[in-house]
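# Report on the structure
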Amino acid sequence: MIEGFQTPDYVFAASWEVCNKVGGIYTVLSTQANTLQSKFHDRLFYIGPDIWKGKDNPLFEESDNLCAAWREYATEKDGLLVRVGRWNVPGRPIVILVDYQPYFPYKNEIYTDMWNRFQVDSLHAYGDYDDSSMFAYATGKVVESFYRFNLTETDKVVFQAHEWMTGMAALYLQATVPEIATVFTTHATSIGRSIAGNNKPLYDYLFAYNGDQMAQELNMQSKHSIEKQTAHYVDCFTTVSQITNNECKELLDKPADAILMNGFEDDFVPKGATYAGKRKRARVLMLRIANCLLGEELDDDVLIIGTSGRYEFKNKGIDVFLEALNRLNRDKNLQKKVLALVSVPGWVGDPREDLQQRLKSKEKFTTPLQCPLITHWLHDMTHDQVLDMLKYLDLNNRPTDRVKVIFVPCYLDGKDGIVNKNYYDVVPGLDLSVYPSYYEPWGYTPLESVAFHVPTVTTDLAGFGLWVNSLRNQHGIEDGVQVLHRSDYNYSEVADGVKDTISLFSTKTKEEVKEIRRRAGQVAEQALWKYFIQNYYDAYDIALRHAMKRLLG
């Protein structure tokens, strides 16, 4: 019998997105770091891929002193190519970046071993599978080396693998260092995302889908296999919401042992006069871009709304958002003009020179540019889902249209050539954000929105939306978040729900809007890491108990 709550002495967490900003998992890890660092101090290690070799990575500060003795040992005795430093985020945790390229020549032997030990099927691998798996294998080697050099079996150690990309690291450690407790977190099942993205109904038929069979049909066997086998073999399998847990049960044949909801830190959300200044500057810029594109002057009373995130047209509900704007354009109840921004990175080419020229001048423009819908040219303007749907809906930003739509098809990284502001400097300028997701395991974008006091519309197919529904005093947009019911087949109702919410919002007085914004901020405060981190500690406890049982035989 293992007495008492088990807390690790050392925690290792691996992800493709450590010091590598790709998507939502970067936000999970970079915002939780401060909370975990304050508990474990420098016994917390994040491990990421060294894909910035020879280039300056602003997120990573290399150090010659950190773990110097082990690093020398790892290089000389174990042949590992690692760089050690700190992650340039609040908490500044230690990071180990590993070069996984040397393992490619041994790929087939590694895959054979994974098949023999854990039935991981790598036969059908393609695309990013090899890169991810070699990084995962190298990560396992790094943790093993660190453990052998620095620690003993009396040290309680947890290794957490995020997403299928690092699953092989957890399995490698299970086989070679059974003393280490393993946690695996899937943020979205690869097969669930694929079913949804391929326009198959996911939710009503979830009970009837066979994960292995669907993986074969959708050519996803290898990713599905590593994800499923890791879920079954690790000491503690976790996911991020009840919605995704339903997928895990049905598609991976394994329910999660713990649910790790994605928390948030508000340390980058400006306060007071700084916030007011950012909001004002963002609005001035958006209205200026609109004037230069549309040749129409919108006053500051215009309702600025937006959607953003990954370019998954159906999964993220971009299609529903555009349909809602189409209906809103004809809605008699709409009290204000609307400027809608669709900020999703597409196959972007160059910033528009004609738009850049206009932005440089001080002139107010009265004639639109050719194609007044987009800020940057795309490599393929004729096969883009957003432009195609705008054309189909005949949303062309005519002077008579009360709803204007601007597609910003690039990452808002501060240097795109048109907006030239970071995403977090643009968000405060919005009046309302809309994320009518069909497939959204958690949903950071609506959470980020309310953290910036921008009320948001989401659905109950997003983990975040489900969580908001569980809060008391949450009854719609008046409380900062409107959660619309979404299913496999109610696209039209959701589009109407979005339209009606925006219409309703347009009738609010300044005082009412101020109160709604305050309540939006209150929702975000309940999702801070200090409240959600306990779920991680529970997962560590489960993993450590299982590892101890394994060792006791």
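Residues numbered from 1 in each chain as written. Predicted model: local features only at pLDDT ≥ 70, side-chain atom pairs only at ≥ 80, totals over all residues. Heavy atoms only, no water.

The next subject is the packing of aromatic side chains. Across all of its chains, the model carries 35 aromatic pairs by this definition. Consider the rings of phenylalanine 464 and tryptophan 467, whose centres lie 5.9 Å apart with planes at 40°: the pair is tilted. On the criterion of helical spacing, the pair formed by phenylalanine 464 and tryptophan 467 is a turn pair, its members being three residues apart in helix α16 (residues 463–470). No difference in accessibility class separates phenylalanine 464 from tryptophan 467, as the two residues are buried. (Phe/Tyr/Trp six-rings, centres within 6.5 Å; stacked < 30°, edge-to-face > 60°. Helix = DSSP H or I, 4+ residues; strand = E, 2+ residues; numbered from the N terminus. Buried < 20%, exposed > 50% of the residue type's maximum accessible area, 1.4 Å probe, protein only.)

A word on the sheet that holds strand β9 (residues 258–259). Within a sheet, adjacent strands bond to each other through the backbone by hydrogen bonds, running parallel or antiparallel. Strand order across the open sheet formed by nine strands is β3-β4-β5-β2-β1-β6-β7-β8-β9, with mixed pairing between neighbours. Bordering the open sheet on either side are β3 (60–62) and β9, each of which pairs with just one other strand. Of the strand pairs in this sheet, strand β8 (residues 236–239) and β9 are connected by two bridges, and their pairing is parallel. Of the residues in β9, the one forming a bridge with threonine 239 is isoleucine 259. Strand contacts of helix α5 (residues 167–176): β6 (157–162) and β7 (181–186), with the helix running at about 150° to β6, the strand carrying the most contacts. Contacting β1 (10–14), β6, β7, β8 and β9, helix α19 (residues 529–552) crosses the sheet at an angle of about 135° to β7. (Pairing = 2+ DSSP bridges. Contact = heavy atoms within 4.5 Å. Axes fitted to C-alpha atoms, helices over the stretch in contact; angles between N-to-C directions.)

Burial of nonpolar side chains together is a common tendency in soluble globular proteins. Grouped together as the largest cluster of nonpolar side chains are 82 residues, with contacts concentrated most on Tyr46, Trp87, Leu339, Leu447, Phe464, Trp467 and Tyr540. Leave out the neighbours within four places in its chain, and tryptophan 87 touches Glu17, Val18, Cys19, Tyr26, Leu29, Ser30, Tyr46, Leu59, Arg92, Pro93 and Val95. Ala136, Val142, Phe146 and Trp164 belong to the second-largest nonpolar core, a separate cluster that totals 54 residues. (Core = buried A, V, L, I, M, F, W, Y, C linked by side-chain atoms within 4.5 Å.)

In the structure shown here, the tally under the stated rule is 34 salt bridges. In this structure, aspartate 431 and arginine 279 form a salt bridge, with 2.8 Å as the shortest nitrogen-oxygen distance. Within this pair, whereas aspartate 431 is found in the loop between α14 (423–426) and β15 (432–434), its partner arginine 279 is found in helix α10 (residues 272–294), the two being separated by 152 residues in sequence. Close ionic contact of glutamate 440 with lysine 316 constitutes a salt bridge, the shortest N to O distance being 3.0 Å. Here lysine 316 lies in the loop between β10 (303–308) and α11 (318–328) and glutamate 440 lies in the loop between β15 and α15 (444–451), a separation of 124 residues in the sequence. In this structure, glutamate 440 and lysine 316 share a single accessibility class: buried. Each of Arg279, Arg283, Asp300 and Asp431 takes part in one network of salt bridges that share partners. (Salt bridge = Lys/Arg side-chain N within 4 Å of Asp/Glu carboxyl O.)

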